[in-house]
Amino acid sequence: MKLIEANNIEAIKRKFNIDRRLQTCHTGIVGPYFLEGHIPAEDIKRLLREKPDIKGLVVPGMPMGSPGMEGDYSAPYNVLSVDADNKIRIYARH
Ligand SMILES: [Cu+2]
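Residues numbered from 1 in each chain as written. Predicted model: local features only at pLDDT ≥ 70, side-chain atom pairs only at ≥ 80, totals over all residues.

A.B. asks: So what about the overall build of the protein? Which residues, and what values?
C.D. replies: Of the regular secondary structure elements, the protein holds 2 helices and 5 strands. Along the protein, from the amino end to the carboxyl end, the secondary structure elements read α-β-β-α-β-β-β. Against the compact-globule benchmark of 12 Å for 94 residues, the protein has a radius of gyration of 13 Å, which places it among compact chains. Seen along its three principal axes, the alpha-carbon backbone of the protein occupies a region of about 35 × 30 × 30 Å. Burial statistics for the protein: of 94 residues in total, 19% are counted as buried. Sequence-distant contacts in the protein: of pairs separated by 6 or more residues, those separated by 24 or more amount to 34%. (Helix = DSSP H or I, 4+ residues; strand = E, 2+ residues; numbered from the N terminus. Rg over C-alpha atoms; globule rule 2.2 N^0.38 Å. Buried ≥ 20, exposed ≤ 12 C-beta atoms within 10 Å, placed from the backbone. Contact = placed C-beta atoms within 7 Å.)

A.B. asks: Can you lay out the pairing of strand β5 (residues 88–93) for me, pointing to particular residues and giving the numbers?
C.D. replies: Looking at chain direction, strand β4 (residues 78–82) and β5 are connected through 5 bridges and run antiparallel. Paired with V82 across the strands is I88, a residue of β5. Taken together, β4 and the strand that follows it, β5, pair antiparallel across an intervening segment of 5 residues, in which N86 is found at a positive phi of about 60°. (Pairing = 2+ DSSP bridges.)

A.B. asks: Please set out the pairing of β4 residue by residue, giving values where relevant.
C.D. replies: Of all 5 residues that make up β4, 4 are buried, and the element is covered over most of its length. The pairing of strand β3 (residues 56–58) with β4 spans 3 bridges and is antiparallel. Among the inter-strand pairings, L57 is bridged to a residue of β4, identified as S81.

A.B. asks: Before we move on, could you go through the sheet that holds β3 and cite the residues and values that matter?
C.D. replies: Pairing is mixed in the open sheet, where 5 strands are placed in the order β1-β2-β3-β4-β5. Strand pairing shows two members of the sheet lacking a second neighbour, β1 (27–30) and β5, which therefore form its edges. This sheet shows a mean twist of 25° between the axes of neighbouring strands, independent of strand direction. (Axes fitted to C-alpha atoms, helices over the stretch in contact; angles between N-to-C directions.)

A.B. asks: Outline the environment of H38, listing residues and values.
C.D. replies: With respect to the helices, strands and loops of the structure, H38 is situated in the loop between β2 (33–36) and α2 (41–50). Along the backbone, H38 and D53 are 15 residues apart, and their C-alpha atoms lie at a distance of 21 Å. With residues near it in sequence (within four places) discarded, H38 still touches H26, V59, M62, P63, S66, P67, G68 and M69.

A.B. asks: Residue-level account of unusual backbone geometry, with values.
C.D. replies: If you check the backbone angles, K51 has positive phi at about 45° while not being a glycine. Position of K51 among the secondary structure elements: in the loop between α2 and β3.

As structure tokens, then:
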């Protein structure tokens, strides 16, 4: 996997037209997809394996227990997919 440092995250968010309400602290790109928020590696692997017709994945907020947010407790959270029409579906439950 190639990691590209982006110095204008806002431009990326605009390019993918990511809904403001879904934007979080971390934005990544893998292949044709955007990744927004703390998304577990297993979901990214599944994304690259299945190559669904979506724009990207989002974990809104910074849920406790998501990658990088390990702590005293974990809360259940959903990984959401966003398609070309900005329709949101649950991609994975954690
Ligand atoms: Cu975060």
